[in-house]
Structure formats: structure tokens, C-alpha cells
4 protein chains.
Amino acid sequence: MCPRTDKQFEEIRESKRSQIIDAALECFATRGYHAVSISELADFAGISKGLMYNYFKSKDELLKSIFKQVMSVMLQLFDPDKKGLPGKEELEKYLDRYFNHLKSNIILWKMYMAVFSQPAVQEILKDEILEASRKPLEIMENYCKALGYKDPKAEVAFMSTLMSGVIFEYISDPENYPLDKIKKRILKLYQ
Amino acid sequence: MCPRTDKQFEEIRESKRSQIIDAALECFATRGYHAVSISELADFAGISKGLMYNYFKSKDELLKSIFKQVMSVMLQLFDPDKKGLPGKEELEKYLDRYFNHLKSNIILWKMYMAVFSQPAVQEILKDEILEASRKPLEIMENYCKALGYKDPKAEVAFMSTLMSGVIFEYISDPENYPLDKIKKRILKLYQ
Amino acid sequence: MCPRTDKQFEEIRESKRSQIIDAALECFATRGYHAVSISELADFAGISKGLMYNYFKSKDELLKSIFKQVMSVMLQLFDPDKKGLPGKEELEKYLDRYFNHLKSNIILWKMYMAVFSQPAVQEILKDEILEASRKPLEIMENYCKALGYKDPKAEVAFMSTLMSGVIFEYISDPENYPLDKIKKRILKLYQ
Amino acid sequence: MCPRTDKQFEEIRESKRSQIIDAALECFATRGYHAVSISELADFAGISKGLMYNYFKSKDELLKSIFKQVMSVMLQLFDPDKKGLPGKEELEKYLDRYFNHLKSNIILWKMYMAVFSQPAVQEILKDEILEASRKPLEIMENYCKALGYKDPKAEVAFMSTLMSGVIFEYISDPENYPLDKIKKRILKLYQ
DNA sequence: TATGAATGAGGCTTCATTCAT
DNA sequence: AATGAATGAAGCCTCATTCAT
């Protein structure tokens, strides 16, 4: 008989928003942004087409929201709690975290790759991508400086290459890619 | 005014086919498969929409044809003329060829990545992909064995990772990626 | 804390109804019926979408209600208090009232014109329109007879033409239309 | 067996374009711009929805094209062949042309009114409207000057008022509006 | 072989309306 | 009485594909 309280509405919105983002994340990651229609998305999320637009202004905006969420999760990965000087030990922990994250969040990384490799999508997310890549690069540069590399920027590029390669190979064939062996192999490089 | 011979017709067809494939390759690689319409493609290739369907049964078929061509070009890269035992020197030449190829055929590699990140397309091209990757993997395994690695398969996975990473990073930002430094860095690993 | 009386409820309802009609009148008149959504309307009126439907069965019904109100206000304009015989002096007063009304109720007249130019709406409001135009026409006919016109019906048509023209031109560009000069010009016709 | 010639294509395009504009003119004029959907329009014109967009970039563009055509037809009305000084005789001919035009092109004038009275449509056609009204106003001003009015601009406003009124009343009820009597009545004003 | 007009399915989006609270 | 989440029909538009010439 009474209207819902603001708090109730807030909860509904937050939960439904998550529900949509999760559904879209899975669809986009596994089938590609353009290949998934709003209709399919709504069906998959268990809501009506119209409701999508109650939560996201457009399909593009939905993609941006997903990307922001993906990036925020990933940034936590790259956000070291310890402020201590990075060293070999730190790097090992860092890689550990990274590989574990990859294993347990494969969908996020698929999304990440899908986004990065589709020019049309890149266009949409240009700004967000630039902003998101700043932090990890900074961290890696700190490691490289601490490890005494003469050309830290080049070493960062190499590290990025390694990491991109790992992601790419792993999500292409998670069953067969020897993730652990690769981790050891990489660690050996920085001993 | 004399009627063309069958051979001439065949040549015309073949040349026009190439013309279309080249145009489509450039469009798809730079803007993405879904973002390019048949209309735009026809304009870009300098022919009419209708004629496209004279050469390719559908847009999907066109994509498959392009991918086959891309793969055939890449296989040449991985087809060593010299049958000599692989060693450090050979590896250096191999990497040289690889990096040069990447530099001068960036469009092909963009296409290659684009295909890999489109699940729907992957499905269609599964077999071609598998077949195409056989040869390079074999070659790399030979190198690894020759270099005395205890676990050659793991080292091959690492090499693949490196190469995927290089492709990915390079095509993402060709202007700024230090391709040559990365090549040296990789060679240092195998000295 | 005492429960409201029925009368209070009634007053609240009536006042809220007015609030909605006023808001809708302004929106429709300035931006057009189709261009204004119920959502915008509710925002503008400071209530929720749902409540709109508590007061009006549909958007069309709302329009009808507005038009009825517009017509009732206009009928007052054409309802002369004085029953004295119409003459030149009366006509002047009549036009005065008319022009002043136009100036101070431009929104009502915009609405009136908007309705007339929407065939779909005309259909809905056919009867209301006919009924509403009876009175002014009657008054004008009386004037014409009193002024001694041989063909009073034709002169009424001419007067209607003048008035429609004034409305049309004035609401099209209220800033620049010389309303007062036009009034004088018309009065000169009937001296 | 041969493709059509450019000329043939040109003819097809021109004729189909007309067909669409005519259909749209009738629909918009009688039922209103917003009330007519592209689907209905296509049906009415006897073509597919898609083809509409082969000829007009959008519904708005179609409206603009129609308005341009309407205006071009009307401008001919206001474009006197004779360059002689305007006088009473000229004015009579001018009004003659005007009233006849109204009678035989009622749809055009309905369209004109529909456009002018719908704010949303005005918005779309802002520029075109301004441009189109320049010429007739200029002509009327010349008449007024020639007729010796002290305040020609005011008299132009009065004439515009008359003409708008005539259009408005006539298209509202063509059957019963005494067009000829009104013409005489107006002429009497300028004897 | 070659053209581009024509089609129609399907995409994204809006919005009047309903309904649980 | 009041709210806004939820629905789904319908709108505009795109585009792969067909077809007459």
C-alpha cells in the first residue's frame, strides 16, 4: 500500500544492474560484442529489452560500464598493498597474484582481449583504455627500476609482451596451456 | 573485338578476386568485420555490391577466403628453405624473418588477431587454424630440442607466448612498440 | 494525524489535477504533443509517472482534458456580460478583450492551434470543437447584423479569417508581430 | 544481360523519388508528421521500408525534402513574371493567383500549415522556413509601398494575417468556407 | 560480367502503460 | 495516494542479399 522506500529502490537497482552486467559480460566475452544483440542479452539476463535502457543509456554505454568494472577488478590486482620497495620477492608475489587471477577470472580476461582486439570496440572505449593502462605500466616500471635495468622502459615493454602473450595463449586454450610451467619460466628470467 | 579466351576470363576473374580480397582485408583488419558493410566494401574495392556476390557467396564466405589467404602467406614464413640443423644462428634468422614479416605485413597480423578474438569466426575456422599452427609449432619444437631444453614442449609454449605477445603488443600500437629492442631481448634469452 | 475528510481529499485531488494539466499544457503547447513523453511530463509536473495514470486514463485522455479546459477558458472570453445591443463601441471592446486575452494567454492559443493542426487529435475532439465555436460565431454574427451587413454570414467568415490570422501570426512570432497596430487596422475596417 | 545505363538508373531514381514524396506529402498533410510511421509510408507508397532509405537519409530528411518541394511550388506563386510596377490591378491578379492556387493545391497548404503549427517540426525545418518566407514578404512590401501606405511593414503584417487566416480557415473546412466571397471582401479593402 | 534498385529481417531504442509495494 | 521498476509493442534505421536489366 505504501511506495517502496528509497533504500529499497536503491537495492533493486544495484542488484539488477549487477545481474545485467554479469550476463552481458559472459555474452560479450564468449561471443563478441557485435554478435550479441540487446534482445539476446535481455533474454539471457532474464529481463525485458526495455529494462536494459532503464539501467544503461545504450548498448555502447553498457559496454563501457562493463569495461569499467572489468578494469576496476583488474586494477585491484595491480594495486600492491605493500608499499615496500619492489624486489625479486615482490615480483614473485606479483606474478603469483597475476596468474591466479587469470585462472579464476578467465571471463574477465576474455572480455579484456575481446575489447582490445576489436577495432570498433576500441573506438568506443578509447579513453577508458588509456586511463586503465596507466597504473599497471607504472607498477611494472617501478619493478624494472628496482631490478636495475638500464633501459626500464624497454624492459616494461618486454614484460607487457610476456603478460599479453600469457593472457592470449591461456584464454585461447585454457585446458592445455601450461600456465604453471610458464610462470616458473618467467620467474627464472628475473632471478 | 575478338572474344576473350577462357584463359583470359580466368585471369580477369582471379585478378578481380584478389582486388576484392585485398580491399576486404584492409577494411576488416582496420575496422573490424562487423563494422564494415558490404556496401562500403564494394565502394572501397571499386566495384558494385552485386559483383561481390559473383565472387563470394556471402560475407562470411569472403571472410573465410581472406583467412585462408592470410594463413597461406603466413605458412610461407614458417617454411624454412634450409633443412640444416637448427641452432642459435638459425633461431636468430628465424626470429629475424618473423619480426620483419610482422613489420611489413601488419595488416595480415591484425586480421589474424581479429579472427582469433571473434569466437563466432573461430568456430567457423577451427580446422584451418589448427592446421595452420601445426607447422610453426613443429619448427619451434625442433629448435628447442636442438637447444637442449629438458622440457621442449614447455619451452615451445613459452616461445608461443612470446610471439603472441609480440604480435599483440605490436599491432596494438605499432608506432610506439620497440620491436627491435624486444627482438634483442628475446635473442638474449637463447644465447 | 486525524484522517482527512472526504472534502480534503477531493481538494487535494483537484489541485494535483490542475498541477498536471498546467504542466502538460505548457509542455504540449511549446514542444508538441508527440514530442513530450509521459516521463518528461511527470518530471516537469513534479510527480511520478504512475501518478499520472491515477488522474488520467491515458495520454490521449490527458490531451482531451487539457483541450476542454482550454475551451472553457476561451468561452469565457466570448461570453459578453453586457446584453446591450452590439455596436461599434461594443465591437471595439470585444476586440480589446480578444487581443488582450491573446497576449496574456499565449500558451492557451498555442495549444488551440496545435490541436487544430493535428488531424488525429481533431478527430478525437470533433464534437468539442464544434460546440466551442458556436458561441463566438453567434456573437460575431450579431455584430455583423447590427453593423448592417447585407451578407452577415460572409462577414462573419471574414472576421473569423482575420482572427485566425491574428492568432496564427502572433503565436508564430510573438516578439515581432505588431499586435496593437493590427488591432487598430482591424478597427478601422469597422468604423 | 547488360546492366542498365546511367540514364535508365537516373530515370528510375527520379520517378521513384517523386512517388515517395507524393505519398509522404499526402500522408503527412492529412495525418501529421509524427502520426505517420515509415512503415505506413512505405506501404502507402507501395515500396519497402528499406527503399525509403535508399532515397532519403532519414524521416527528417524526407520531411525537409517535401518542405523544399512545397516551398518551391509556392515560390512560383509568389514570383511575378511581369516586372511592371505593382498597382491595384497587379494586386488583383496576385490575389487571384493566390486563391486559385489554394483551391487546386490544398494538400500543399495543409502540409504548410501542419509544418508551421507543430513545434517539433518547426525545429527540424527552422532554416528552410526562414529562407522560404523571405520572397513573399518582399513582394507584399513592394505592393504596400506602391499603394502608398505610410507604414508599409505594418500593412504587410496585416496582409500576412489575412492570408494566414484564409489558409487556416479554408483548409480547416474547404467545403463550407466562402473562398470567393472572401477574395472579393479583401479586394474591396485595397480599391 | 556488372550494376544498383529493391527487399525484409533484424538491430537499437523509445515510450505509453502496468503493477508490486 | 504515490513510486519507479518492469513490460512489450512499435518506431527508426541498417544491411546482407536478391534480381531485373
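Predicted, not measured: the structure shown is a model, and the values here were computed from it.

Here we look at the relation of the copies chain B and chain A
Alright, step 1. Rotating chain B by 179 degrees about the axis while translating it 0.0 Å along that axis superimposes it on chain A, leaving an RMSD of 0.7 Å. In symmetry terms, the pair is related by a two-fold rotation axis. Taking the C-alpha atom as reference, chain B places B:Gly165 closest to the rotation axis, 1.7 Å from it.
Alright, step 2. A symmetric contact is evident, with 97% of the interface residues of chain B recurring at the interface of chain A.

Some thoughts on the interface of chain B and chain A
Alright, step 1. At the junction of the two partners, chain B supplies 34 residues and chain A supplies 34 residues.
Alright, step 2. Buried area between chain B and chain A, both sides added, is near 2600 Å², and the carbon and sulfur share of it is 69%.
Alright, step 3. Applying the counting rule to chain B against chain A returns four salt bridges.
Alright, step 4. For B:Glu155, the salt bridge goes to A:Arg185, with nearest N and O atoms at 2.7 Å.

Observations concerning the pattern of salt bridges
Alright, step 1. Taken as a whole and judged by the stated rule, the model has 44 salt bridges over all chains.
Alright, step 2. Note that B:Asp151 is salt-bridged to A:Lys181, the shortest N-O span being 3.1 Å. Placement of the pair is B:Asp151 in the loop between helix H7 (119-146) and helix H8 (152-172) and A:Lys181 in helix H9 (residues 179-189), with the two residues belonging to separate chains.
Alright, step 3. In this structure A:Lys181 comes out as partly exposed when scored by relative accessible area, which is 46%.
Alright, step 4. Via salt bridges that share partners, A:Glu141, A:Lys145 and A:Lys153 belong to a single interconnected network.

Looking at the arrangement of the chains
Alright, step 1. Of all C-alpha pairs spanning chain B and chain C, none lies closer than 32 Å, and the two are not in contact.
Alright, step 2. Spatially, chain A and chain D are disjoint, and the shortest separation between their C-alpha atoms is 20 Å.

Here's the deal with the protein's contact with DNA strand E
Alright, step 1. Around DNA strand E, a shell composed of 38 residues is seen, among which A:Cys2, A:Ile38, A:Tyr53, C:Ile38 and D:Tyr55 lie nearest.
Alright, step 2. Of all DNA strand E atoms lying within 4 Å of any protein atom, the proportion belonging to sugar or phosphate reaches 64%.
Alright, step 3. Take B:Tyr55: an N or O atom from its side chain is 3.4 Å from a phosphate oxygen of DNA strand E.
Alright, step 4. Between DNA strand E and the protein, one listed contact pairs a phosphate oxygen with a side-chain N or O atom of D:Lys16 at 3.1 Å.
Alright, step 5. Of all the secondary-structure elements, those providing two or more residues to the surface near DNA strand E are helix H3 (49-55) of chain A, helix H1 (6-31) and helix H3 (49-55) of chain B, helix H3 (49-55) of chain C together with helix H1 (6-31) and helix H3 (49-55) of chain D.
Alright, step 6. Of the residues contributing to the surface near DNA strand E, the split by class is 17 nonpolar, ten polar and eleven charged.

Topic: the side chain of D:Lys59
All names here are of chain D.
Alright, step 1. Looking at where Lys59 falls in the secondary structure, it is placed in helix H4 (residues 59-77).
Alright, step 2. With no salt bridge to any partner, buried Lys59 finds its closest opposite charge in Asp60, at an N-O distance of 7.0 Å.
Alright, step 3. Within the local environment of Lys59, its side chain forms a polar contact with the backbone oxygen of Tyr33, the two atoms lying 3.1 Å apart.
Alright, step 4. Apart from residues lying up to four places away in sequence, Lys59 is in contact with Phe28, Tyr33, His34, Val36 and Ile38.

Focus on the confidence of the model for chain A
Note that predicted coordinates carrying low pLDDT should not be read in detail.
Alright, step 1. Summarising the model, chain A shows a mean pLDDT of 90, and 96% of its residues fall at 70 or more.
Alright, step 2. Highest mean pLDDT in chain A belongs to H3(A) (98); lowest belongs to helix H7 (residues 119-146) of chain A (84).

Section: H4(D)
Alright, step 1. The first and last C-alpha atoms of H4(D) sit 27 Å apart over 19 residues, in line with the 27 Å expected at 1.5 Å per residue.
Alright, step 2. Contact partners of the buried residues in H4(D): H1, helix H2 (38-45), H3, helix H5 (88-104), helix H6 (106-117) and helix H7 (119-146) of chain D.

Overview of helix H1 (residues 6-31) of chain A
Residue and element names in this part refer to chain A.
Alright, step 1. Under the 1.5 Å per step criterion, the end-to-end length of H1 is 37 Å for 26 residues, consistent within 8% with the ideal 38 Å.
Alright, step 2. Every buried residue of H1 is accounted for by Ile20, Ile21, Ala23, Ala24, Leu25, Cys27, Phe28 and Ala29.
Alright, step 3. Once H1 finishes, Gly32 follows within two positions and takes phi at roughly 95 degrees, a positive value.

So, the relation of the copies chain D and chain C
Alright, step 1. Each copy of the sequence occupies a distinct position, and chain D is placed on chain C by a rotation of 179 degrees and an axial shift of 0.0 Å, giving an RMSD of 0.6 Å.
Alright, step 2. When the interface residues of chain D are mapped onto chain C, 97% of them again fall at the interface, so both copies present the same face.

Quick word on the interface of chain D and chain C
Alright, step 1. Contact with chain D, which involves 34 residues of that partner, is made by 34 residues of chain C.
Alright, step 2. Contact between chain D and chain C buries roughly 2600 Å² in total, counting both sides, with carbon and sulfur atoms accounting for 69%.
Alright, step 3. Across the chain D-chain C interface, the total number found is four salt bridges.
Alright, step 4. Taken together, the links from chain D to chain C amount to eight residue pairs in polar contact (both at pLDDT 80 or more).
Alright, step 5. Secondary-structure elements contributing two or more residues to the side of chain D that touches chain C are H1, H6, H7, helix H8 (152-172) and helix H9 (179-189) of chain D.
Alright, step 6. With twelve residues, the top contributor of residues to the side of chain D that touches chain C is H8(D).
Alright, step 7. Of the residues contributing to the side of chain D that touches chain C, the split by class is 19 nonpolar, nine polar and six charged.

As for the environment of A:Tyr149
Alright, step 1. Its location among the elements puts A:Tyr149 in the loop between H7 and helix H8 (152-172).
Alright, step 2. Each C-alpha atom of the pair A:Tyr149 and A:Ser39 lies 52 Å from the other, and the pair is 110 residues apart in sequence.
Alright, step 3. Other than its neighbours up to four places away in sequence, A:Tyr149 contacts A:Cys144, A:Glu155, A:Leu189, A:Tyr190 and B:Arg185.

Describing the environment of A:Leu125
Alright, step 1. The topology assignment puts A:Leu125 in helix H7.
Alright, step 2. C-alpha separation for the pair A:Leu125 and A:Ile66, spaced 59 residues apart in sequence, amounts to 11 Å.

How each quantity is defined
- Residues numbered from 1 in each chain as written.
- Chains lettered and ligands numbered in written order.
- Predicted model: local features only at pLDDT ≥ 70, side-chain atom pairs only at ≥ 80, totals over all residues.
- Heavy atoms only, no water.
- Least-squares fit on C-alpha atoms with pLDDT ≥ 70 in both.
- Contact = heavy atoms within 4.5 Å.
- Buried area = accessible area lost by both parts, 1.4 Å probe.
- Salt bridge = Lys/Arg side-chain N within 4 Å of Asp/Glu carboxyl O.
- Helix = DSSP H or I, 4+ residues; strand = E, 2+ residues; numbered from the N terminus.
- Buried < 20%, exposed > 50% of the residue type's maximum accessible area, 1.4 Å probe, protein only.
- Near = heavy atom within 4 Å.
- Polar contact = N/O pair within 3.5 Å; in protein donor to acceptor, adjacent residues only side chain to side chain.
- Nonpolar A, V, L, I, M, F, W, Y, C, P; charged D, E, K, R; others polar.
- Lys, Arg positive; Asp, Glu negative; His and termini not counted.
- pLDDT = per-residue confidence, 0-100.
- Expected span 1.5 Å × (residues − 1).

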